[in-house]
Amino acid sequence: MKTDDWVPADDEFSLQEDDEDLSKALQTIQEQAEDAQILALRSVLTSEKSVSEVPEAMDDFFCNFLVRLGMSRTLDCFQTEWYELIQRGVFTAKDIGLVPTVYTRNQQLEAENMCLRKDLENYKLAANKAKEAFLKMQKERDFHRMHHKRVVQEKNSLICDIKRLKAHYASYEPVLKQLTEKYQTTLRQKMLTSLERDRAVGQVTGLQATLQNLESGCAIQIPVTKAGHECQRKKGLEGPTQKALQEARQQKILDAGSASYDQVKDAEKKIGKRYPKDSEFPVDIQVNPYLVCAKEYTQPLKTGECKLRNILKVHDLAVNCLALHPRKDIVVTGSDDHLWKMWALPDGNIIMTGEGHTDWLSGCCFHPSGTQLVTSSGDTTVRIWDFSKRGCILTFEGHAHAVWDCSWHSCGDFVASASMDNTSKIWDVNSERCRCTMCGHKDSVNSIEFLPFSNTVLTSSADKTLSLWDARTGLRVYTFYGHLHSCNYATFNKKGDTIASCDSSGVMKLWDIRKSVPVLSIDAGPHPANQVIFDCSGRTVALASSDGSVKVLQLEFGQLSSLRGHGGEVHSVLFDHKAEQLLSGAADGTVCLWT
């Protein structure tokens, strides 16, 4: 193998493959050597080398190159011919020289170049990924921009629609208000007309029965219902009120031509077939006797001269309710100790104690005859007690939560109850069942009371309203709005034409039953007002306050005064029959007598 035909294939010489001869290779080597010298001079000027570098011999360089490429046969031929020429003396190792350091440097640079190319490719990949992510984010940004613009447009459209609907509603609001007023007026007229109709029908029925008896010559006495409807209920027998109603109904059937059709009575007849023991609701056959009684009490209790006469410790726990006997100076108190006690005025001698409730007592009321008592309790029951039997004779169960108050109908055959379950119920004492459930309040019903000698029921609720109901049908007749807080109590005066109510902020309001707005509002707060009561004349109103006092209002003079004597919250107040004494029960278990 000749030297002119040998061409190195190492990448460090940067020569083109198969197209360069040895002369061009040597020329290139010389040029690279010159460049290496220039670089060496520059490096010497900048820094001094601590270790000298010995260039590699030419034959060693070629041998290493061939070994690295695995050209073993070419290596053998090269070494054979190389050493033969040296032995002949054609040249020596000094004549050939050393390999310039530039080639070694080129090899290092080539390796660095390869690394940089790899890094460049990695960076290009990362840049492409970043570009794709950027384009994706741009698309998402554009999408969200379009969505935001669409939402803004929809919002503006909805705002325009709301404004247009508000304007449209405002145009109808006067008409709706006018129709509402007409509706409320019509309801009031309907209720008053119904009361007048029942009264007239009762009077006509009684007159017809009397006339028929006179014509037949029979001296049959028609039962007359007096004030209080004194009905003594015995087991298996009906009271005189129900007998009178049945006799009147028979007379109406005999003389059907003169009697008008009553849808309520017709419905009661159908129900009566299924429940034969059901009592019949009375009609208003006479004028409220309290109208005459109210005129007799011309001198109401004077609060300026009112003094604390006596303090009676009647219970160990709080006194929640008071009830006065219809004719006698006897008072019943109900307490948190699960007991009710009957005691005499003014000394406070205990007459009777009732045990049976399993939770606190919230309300109590005497039967119109004074022989029985109804109580309501936190144990969700309503109990009827007979004084002659000295115990409970009937228990009504049906409320889902605690019962707040109870009331007798003036005929004595029906009991009303108000509960925390947002309902009130009418119970039939004779058939011992619930006649109807009055639903409509949105919160707890805190008090209930019958309008004297009427089938109308008054309720107060924690939903800040008062309501009038028809006990025969269980339907709401009218609702009074005006309180801003929970209504704790509401009551009629003896005449039945005015309502007094109080709420949890201490505000007391007086309402005309024929009007929808309060005629008087008194702020006795900020402590809650628990109960309000009229005296017999209807000219004085007493209020039980949680600040430990009793507020007394003279309606004629507008004078409001406070009576203090209790050591805790006052829960209940009560006037005696002649409005000469005022009783108050409080959380300290005492009853105060004021004269």
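Residues numbered from 1 in each chain as written. Predicted model: local features only at pLDDT ≥ 70, side-chain atom pairs only at ≥ 80, totals over all residues. Heavy atoms only, no water.

## Here's the deal with the confidence of the model for the protein
Atom-level detail of predicted coordinates should not be read off regions where pLDDT is low.
So, point 1. For the protein, the average pLDDT comes to 81, and 79% of its residues sit at 70 or higher.
So, point 2. Note on residues 218–237: pLDDT is under 50 here. Beyond four places in sequence and across chains, it has 38 contacts.
So, point 3. This stretch, residues 256–261, has a pLDDT under 50; its non-local contacts, to residues over four places away or in other chains, come to four contacts. (pLDDT = per-residue confidence, 0-100. Contact = heavy atoms within 4.5 Å.)

## Describing the sheet that holds strand E27 (residues 582–586)
So, point 1. One open sheet holds the four strands; their spatial order is E1-E28-E27-E26, and the pairing between them is antiparallel. The sheet is open, and its two borders are formed by strand E1 (308–313) and strand E26 (570–575), each paired with just one other strand. Shown here is a sheet whose adjacent strand axes are inclined to one another by a mean of 20 degrees, direction ignored.
So, point 2. The pairing of E26 with E27 spans five bridges and is antiparallel. In the sheet register, Val-570 faces E27, and the bridge partner there is Ala-586. (Pairing = 2+ DSSP bridges. Helix = DSSP H or I, 4+ residues; strand = E, 2+ residues; numbered from the N terminus. Axes fitted to C-alpha atoms, helices over the stretch in contact; angles between N-to-C directions.)

## So, the environment of Ser-407
So, point 1. Mapping Ser-407 onto the fold places it in strand E10 (residues 403–408).
So, point 2. Each C-alpha atom, one on Ser-407 and one on Cys-365, is 5.8 Å from the other, the two residues being 42 residues apart in sequence.
So, point 3. When neighbours within four sequence positions are excluded, Ser-407 is seen to be in contact with Cys-365, Phe-414, Val-415, Ala-416, Ile-448, Glu-449 and Phe-450.

## Notes on the sheet that holds strand E18 (residues 487–492)
So, point 1. With antiparallel pairing, the four strands of this open sheet are ordered in space as E18-E19-E20-E21. Of all strands in the sheet, those bounded by a partner on one side alone are E18 and strand E21 (518–523). Taking the axes of each pair of neighbouring strands and ignoring which way they run, one obtains an average angle of 15 degrees across the sheet.
So, point 2. Strand direction decides the pairing type here: strand E19 (residues 498–503) and strand E20 (residues 507–512), joined by five bridges, are antiparallel. Bridge pairing in E20 links Cys-502 to Met-508.

## Thoughts on the side chain of Asp-379
So, point 1. Along the chain, Asp-379 falls in the loop between strand E7 (372–377) and strand E8 (381–386).
So, point 2. Buried Asp-379, no salt bridge; nearest opposite-charge side chain is Arg-383, N-O distance 4.5 Å.
So, point 3. One polar contact links the side chain of Asp-379 to the main-chain amide nitrogen of Thr-358, over a distance of 3.1 Å.
So, point 4. Within the structure, Asp-379 has its side chain in polar contact with the side chain of Ser-377 (distance 3.1 Å).
So, point 5. Beyond its immediate sequence surroundings of up to four residues, Asp-379 is in contact with His-357, Thr-358 and Asp-359. (Buried < 20%, exposed > 50% of the residue type's maximum accessible area, 1.4 Å probe, protein only. Lys, Arg positive; Asp, Glu negative; His and termini not counted. Salt bridge = Lys/Arg side-chain N within 4 Å of Asp/Glu carboxyl O. Polar contact = N/O pair within 3.5 Å; in protein donor to acceptor, adjacent residues only side chain to side chain.)

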